[in-house]
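Breakdown of the fold
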Amino acid sequence: MLIRPAQADDDFTAVAQLYLDVWRVTYRGLLPAAVLDQLTTDSWHPERHWQHQLLAFNDDQDLVGTCAYGPARDTQLAGWGEVNSIYLLPNAQHQGVGRQLMAQAMTALRDLAFDRVVLWVLITNLPAQEFYQRCGFVVTDWTKTQGPIHEVAYVWPAGARGAGNGE
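Residues numbered from 1 in each chain as written. Predicted model: local features only at pLDDT ≥ 70, side-chain atom pairs only at ≥ 80, totals over all residues. Heavy atoms only, no water.

Okay, the pattern of salt bridges next. Here the structure, examined in full by the defined rule, presents 3 salt bridges. For aspartate 37, the salt bridge goes to arginine 28, with nearest N and O atoms at 3.8 Å. On the basis of relative accessibility, which here comes to 42%, the residue arginine 28 falls in the partly exposed class. Between glutamate 82 and arginine 73 there is a salt bridge, and its shortest N-O distance comes to 2.6 Å. Owing to a relative accessible area of 2%, glutamate 82 belongs among the buried residues under this scheme. (Salt bridge = Lys/Arg side-chain N within 4 Å of Asp/Glu carboxyl O. Buried < 20%, exposed > 50% of the residue type's maximum accessible area, 1.4 Å probe, protein only.)

Spelled out as structure tokens, the structure:
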């Protein structure tokens, strides 16, 4: 397994395809089928933020995972870092790849001087929530809704609060 920072000349069409494939598997039953069916690789633009993205490759050099991070996107969380996404193909899950991606993203966020980190997860995505808890994140009462997507915030480190709608 190789995990490395994305580079400007990486194949971001393949990254968008990974996003699409993971969404269709992971969110089936968690989001309306109509939402998933209308998605295409054009729904994502990982090339826009390649400087804050990690890529995971298996031993055959196939892309199997990605993690995007950076400054928090929510203006109420100015000064916070954010793990924007972490996606693994099903055949790469439960092998420690997610933990490695998260660890490297957290190191990168600390290097960017973020000592508080937030991430958002579907309220109904219990396996992801359990993963984030194992990584040291703590659930908050901050929520947001965009159409059929209902999310809850997790923060790191435990007790890092003080912004958001759950203050």
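The element strand β4 (residues 81-88) is extensively covered by neighbouring structure, given that 7 of its 8 residues are classed as buried. Here strand β3 (residues 63-71) runs beside β4; their pairing, made up of 7 bridges, is antiparallel. Considered in β4, the bridge of glycine 70 is made with glutamate 82. Of the pairings in the sheet, the one linking β4 to strand β5 (residues 117-122) comprises 3 bridges and is parallel in character. Residue pairing in the sheet places valine 83 in a bridge with leucine 119 of β5. (Helix = DSSP H or I, 4+ residues; strand = E, 2+ residues; numbered from the N terminus. Pairing = 2+ DSSP bridges.)

Going from tryptophan 156 to proline 157, the amide bond is cis rather than trans, its omega being -5°. If you trace the backbone, proline 157 turns up in the segment after β7 (149-156). Positive phi is not limited to glycine here, since glutamine 61 has a value of about 65°. The residue glutamine 61 is located in the loop between β2 (53-57) and β3 in this model.

Let us look at the side chain of aspartate 10. In this fold, aspartate 10 is placed in the loop between β1 (2-5) and α1 (12-26). Engagement of the side chain of aspartate 10 in a polar contact is seen with the side chain of arginine 4, the distance being 2.7 Å. Not counting the four nearest positions on each side in its chain, aspartate 10 is found in contact with Arg4, Pro5 and Leu55. (Polar contact = N/O pair within 3.5 Å; in protein donor to acceptor, adjacent residues only side chain to side chain. Contact = heavy atoms within 4.5 Å.)

Once that is clear, we can look at the sheet that holds β5. The sheet built from 7 strands is open, its strands ordered β1-β2-β3-β4-β5-β7-β6 with mixed pairing. Since the sheet does not close on itself, it has two edges, and those belong to β1 and β6 (138-146), each with one partner. Strand-to-strand twist of the sheet, defined as the mean angle between neighbouring strand axes without regard to direction, takes the value 25°. Of the pairings in the sheet, the one linking β6 to β7 comprises 6 bridges and is antiparallel in character. By the bridge assignment for β7, valine 138 is matched with valine 155. Each of β2, β3, β4 and β7 is contacted by α1, which is oriented at about 95° to β3, the strand it contacts most. (Axes fitted to C-alpha atoms, helices over the stretch in contact; angles between N-to-C directions.)

Grouped together as the largest cluster of nonpolar side chains are 28 residues, with contacts concentrated most on Val83, Leu101, Met102, Tyr132 and Phe137. Put simply, the parts of the chain that give this core at least two residues each are β2, β3, β4, α3 (97-111), β5, α4 (126-134) and β7. If you tally residues by element for this core, the top one is α3, at 7 residues. With sequence-adjacent residues up to four places away left out, leucine 101 is seen in contact with Ile3, Leu54, Ala56, Gly65, Thr66, Cys67, Ile86 and Leu88. (Core = buried A, V, L, I, M, F, W, Y, C linked by side-chain atoms within 4.5 Å.)

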